[in-house]
Amino acid sequence: MNKVVVFQLSNEQYAIPVEHVVSIEKMSSPTIIPGMPSYMLGVVRIRGELVPVLDTSQILYRLPYTETEKTRLLVVQTDDVYVSFIVDDAKEIIDIPPDMMKQVHMLAYQRTPYFIGIANLPDRLITVIDPTILFNHLEGASIIKEHIKNERQNT
């Protein structure tokens, strides 16, 4: 693992490998889609693509996000769709030296297979997330994928 995009969520720092990240966008009001899972707030159009907007705070902490001027959409490529995660702040791109990456073997992390490691840096800990595993692990992800696929065919 080398370069990651670091983001803030609540009091924690997380990161996504840079090869998954498409862009970082300012928060915009999503168009609500009825019948979607509660963590999906709707869709936004980014570079011509319909992108689901996912409430990362609700997914990880079961609490709705609070919007500030630093709130961002972290747009990532999963297996077959773009999705955007709402984050409190997208901080930086850093290089994590391989010897600073620790695998997680704690019981709590076995229920969260999308946590692929913890960067044990001198001044902070950063949990690294695989966005494809996270999205595919969500209840209702197949409904979202189906909706986006149908929308693509209709445009």
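Preceding block: the structure.
This structure is a prediction, so every number in the text was calculated from the model and none was measured.

Chemist: Looking at this model, I keep getting lost on the packing of aromatic side chains. Mind explaining?
Modeler: Under the criterion given, the structure shown has 3 aromatic pairs. With centroids separated by 6.2 Å and ring planes inclined at 20 degrees, the aromatic side chains of Tyr-14 and Phe-115 adopt a geometry described as stacked. Taken together, the residues Tyr-14 in strand S2 (residues 12-17) and Phe-115 in strand S10 (residues 115-121) connect sequence positions 101 residues apart. The burial state of Tyr-14 is the same as that of Phe-115; both residues are buried. Clustering of aromatic rings is evident, with ring pairs tying together Phe-7, Tyr-14, Tyr-114 and Phe-115.

Chemist: Which parts of the structure should I look at to understand the pattern of salt bridges?
Modeler: It is possible for side chains of opposite charge to pair when their charged atoms get near one another. Within the structure shown, the criterion is met by 5 salt bridges. Ionic pairing is found between Lys-3 and Asp-95, a salt bridge with its closest N-O pair at 3.5 Å. Of this pair, Lys-3 sits in strand S1 (residues 3-9) while Asp-95 sits in strand S8 (residues 89-95), and the two are 92 residues apart along the sequence. Judged by its relative accessible area of 42%, Lys-3 falls in the partly exposed class. Its relative accessible area of 46% is what places Asp-95 among the partly exposed residues. Here Arg-124 makes a salt bridge to Glu-92, at a shortest N to O gap of 2.7 Å. With a gap of 32 residues between them, Arg-124 in strand S11 (residues 124-129) and Glu-92 in strand S8 connect regions that are remote in the sequence. Judged by its relative accessible area of 30%, Glu-92 falls in the partly exposed class.

Chemist: Before we go on, may I ask you to explain the sheet that holds strand S9 (residues 101-102) in this structure?
Modeler: Remark on secondary structure: sheet strands pair via backbone hydrogen bonds, oriented parallel or antiparallel. In spatial order, the strands read S8-S1-S2-S11-S10-S9; together these 6 strands make up an open sheet with mixed pairing. Because the sheet does not close on itself, it has two edges, and the strands there are S8 and S9. Bridge analysis of S9 against S10 gives 2 bridges, and the strand direction is antiparallel. Pairing of Lys-102 across the sheet is with Ile-118, part of S10.

Chemist: It is not clear to me how the nonpolar core should be interpreted in this structure. Could you clarify?
Modeler: Soluble globular proteins tend to bury their nonpolar side chains together. Among the nonpolar cores identified, the biggest contains 30 residues, and Leu-54 and Ile-129 are the most heavily contacted of them. Every residue in contact with Ile-129, bar those within four places of it in the chain, is listed here: Phe-7, Tyr-14, Ala-15, Ile-16, Pro-17, Leu-60, Tyr-114, Phe-115, Ile-116 and Leu-134. In this structure, Ile-94, Ala-119, Leu-121 and Ile-126 belong to the second largest nonpolar core, which totals 10 residues.

Chemist: What is the right way to read the sheet that holds strand S3 (residues 21-26) from this model?
Modeler: Taken in spatial order, the 5 strands of this open sheet run S3-S6-S7-S5-S4, and their pairing is mixed. Two strands lie at the open edges of the sheet, namely S3 and strand S4 (40-46), each paired on one side alone. Shown here is a sheet whose adjacent strand axes are inclined to one another by a mean of 30 degrees, direction ignored. Judged from the 6 bridges that link them, strand S6 (residues 72-77) and strand S7 (residues 82-87) form a sheet pairing that is antiparallel. Considered in S7, the bridge of Leu-73 is made with Ile-86. Here helix H4 (residues 141-154) sits on the sheet and contacts S4, strand S5 (49-55) and S7; the angle it forms with S5, its principal contact strand, is near 160 degrees.

Chemist: Would you mind showing me how to read the pairing of S4 here?
Modeler: Put simply, side chains in a regular strand alternate between the two faces of the sheet. Across the 7 residues that make up S4, a large majority, 5, are buried. Relative to S5, S4 is paired through 6 bridges, and the arrangement is antiparallel. Directly across from Met-40, in S5, lies its bridge partner Leu-54. Counted along the chain from S4 to the antiparallel partner S5, the turn is 2 residues long, and its residue Arg-47 has a positive phi close to 50 degrees.

Cut-offs applied
Residues numbered from 1 in each chain as written. Predicted model: local features only at pLDDT ≥ 70, side-chain atom pairs only at ≥ 80, totals over all residues. Heavy atoms only, no water. Phe/Tyr/Trp six-rings, centres within 6.5 Å; stacked < 30°, edge-to-face > 60°. Helix = DSSP H or I, 4+ residues; strand = E, 2+ residues; numbered from the N terminus. Buried < 20%, exposed > 50% of the residue type's maximum accessible area, 1.4 Å probe, protein only. Salt bridge = Lys/Arg side-chain N within 4 Å of Asp/Glu carboxyl O. Pairing = 2+ DSSP bridges. Core = buried A, V, L, I, M, F, W, Y, C linked by side-chain atoms within 4.5 Å. Contact = heavy atoms within 4.5 Å. Axes fitted to C-alpha atoms, helices over the stretch in contact; angles between N-to-C directions.

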